[in-house]
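Here are the chains, one letter per residue:
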Amino acid sequence: MKTLAKFVLTGSCIMLTACGPSKTELKLSVELAELRAAQAAEQNQRQNLDASLKAEIGAVNTRIQELTSLVQKLDAASKEVEAVKINSAVAKEYAIDGAVFIVTKGGESYKLGLVELMFFNDAELRQKLEARKTDQTNELKLLQPAHQVALANVEMLKKKYDAAEAAWFELTSNDQLKAQLKVQYDAAHKEWLAAVNVEGNTAAAVRDSLSGRFFFKELPTPVASTKTDADGHFKITLPKTGSYCIAAQASRSVGNKQESYFWVLPLEFDSTTGKATISLNNDNTASSGNKLSLIQTNDL
């Protein structure tokens, strides 16, 4: 009996199982499917959100790069503008720094203070100097022969004077004749002294024509000028409107002599900075033979 009941119960269970899932199981299955669908939708939404964020981040990074490039370009342009401003300011004028000195035979540097430095338009000064060179040539054609005549006249009158002097001193017996010879001697002496004076004047005129003084008498009007300080230094700026030359003259006492110095030189400026440094000294005077000098003189 018990065996039969057990068999019937087991059979009933089998029958119930064979009939399909229960409502609870079905409900759980539906809920599980919905959960899985929700998870899939959430994952898909996350993926879409990640892609959107990546796209936005990429766009932001691209914009940052564009802005960085723009800032760099603006910075470069600003520097170019500043450079142009600086160059424009520099381009308006030249800056000159220099010194004037003479080196003595003993090797000592003698600084020349209060020397006037004159600055000229290059073309204008060269034109004037060429005209003065023509004047110099014409003047020397007259003065040098006149000086030779004066020298010869001094020599001739010196002989006449020496002869009159000898005749006067040698005669001792005839007072009347001696008096006449004294008159002749005095006249010859006076005549010789006059000839010496003429020779001295013509020699001075020749020296003046060969000197820098000849050119400095008729220089054009300078564009600007300045003077050296006690140490022989000077500084000046010039408008950047063309080429320039510098001219200066100085002198100093050497014993009983007066030495004179003349300078006339073209100026060369650095093409980048617009600056020039120049020293006026023994090596570039007008009488030094320096090829850069615009005049060649014979100053003593």
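Now for a description of the structure that goes with this document. (Residues numbered from 1 in each chain as written. Predicted model: local features only at pLDDT ≥ 70, side-chain atom pairs only at ≥ 80, totals over all residues. Heavy atoms only, no water.)

What the chain contains, in helices and strands, is 5 helices and 8 strands. In the chain, the succession of α and β elements from N to C terminus is α-α-β-β-β-α-α-α-β-β-β-β-β. Within the chain, the proportion of its 300 residues that are buried is 27%. If you take every contact in the chain between residues at least 6 apart in sequence, the share linking residues at least 24 apart comes to 72%. In the form shown here, the chain has an accessible surface area of approximately 20,600 Å², with 57% of it arising from carbon and sulfur atoms. (Helix = DSSP H or I, 4+ residues; strand = E, 2+ residues; numbered from the N terminus. Buried < 20%, exposed > 50% of the residue type's maximum accessible area, 1.4 Å probe, protein only. Contact = heavy atoms within 4.5 Å. Areas by Shrake-Rupley, 256 points an atom, 1.4 Å probe, with all protein chains shown as cover.)

What follows covers the pattern of salt bridges. According to the stated counting rule, one finds 12 salt bridges in the structure shown. Put simply, Lys-111 and Asp-231 hold a salt bridge, and the shortest N to O gap is 4.0 Å. Of the two residues, Lys-111 is situated in strand β2 (residues 109–111) and Asp-231 in the loop between β4 (224–227) and β5 (233–239); the sequence distance between them amounts to 120 residues. When its relative accessible area of 41% is taken as the criterion, Asp-231 is described as partly exposed. Among the salt bridges present, the one from Asp-135 reaches Arg-132, with a minimum N-O distance of 3.5 Å. Taken as a pair, Asp-135 and Arg-132 lie in helix α3 (residues 122–170) at a separation of 3 residues, close to a single helical turn. The partly exposed category is assigned to Asp-135, whose relative accessible area is 34%. Looking at Arg-132, the relative accessible area reads 7%, which means it is buried. By sharing partners, the salt bridges in this structure join Lys-128, Arg-132, Asp-135 and Glu-218 into a single network. (Salt bridge = Lys/Arg side-chain N within 4 Å of Asp/Glu carboxyl O.)

A separate point is α3. Along its 49 residues, α3 runs 68 Å from first to last C-alpha, staying within 8% of the 72 Å computed at 1.5 Å per residue. The largest bend in α3 amounts to roughly 30° and is located at Leu-140. Where α3 begins, the side chain of Asn-121 points an oxygen toward the backbone nitrogen of Ala-123, at a separation of 3.2 Å. (Expected span 1.5 Å × (residues − 1). Bend = angle between axes of the 7 residues up to and from the residue. Polar contact = N/O pair within 3.5 Å; in protein donor to acceptor, adjacent residues only side chain to side chain.)

The subject of this paragraph is the packing of aromatic side chains. Summed over all chains, the structure comprises 8 aromatic pairs. Taking the centre distance of 6.2 Å and the plane angle of 90° together, the rings of Tyr-94 and Tyr-244 count as edge-to-face. Of this pair, Tyr-94 sits in strand β1 (residues 93–103) while Tyr-244 sits in strand β6 (residues 244–254), placing them 150 residues apart in sequence. Side by side, Tyr-94 and Tyr-244 carry an identical accessibility label, which is buried. Taking the centre distance of 5.4 Å and the plane angle of 5° together, the rings of Tyr-161 and Trp-192 count as stacked. Here Trp-192 lies in helix α4 (residues 175–210) and Tyr-161 lies in helix α3, a separation of 31 residues in the sequence. A residue is classified by how much of its surface remains accessible, and Tyr-161, at 9% relative accessible area, is buried. Following the ring pairs from residue to residue traces out a cluster consisting of Tyr-94, Tyr-244 and Phe-269. (Phe/Tyr/Trp six-rings, centres within 6.5 Å; stacked < 30°, edge-to-face > 60°.)

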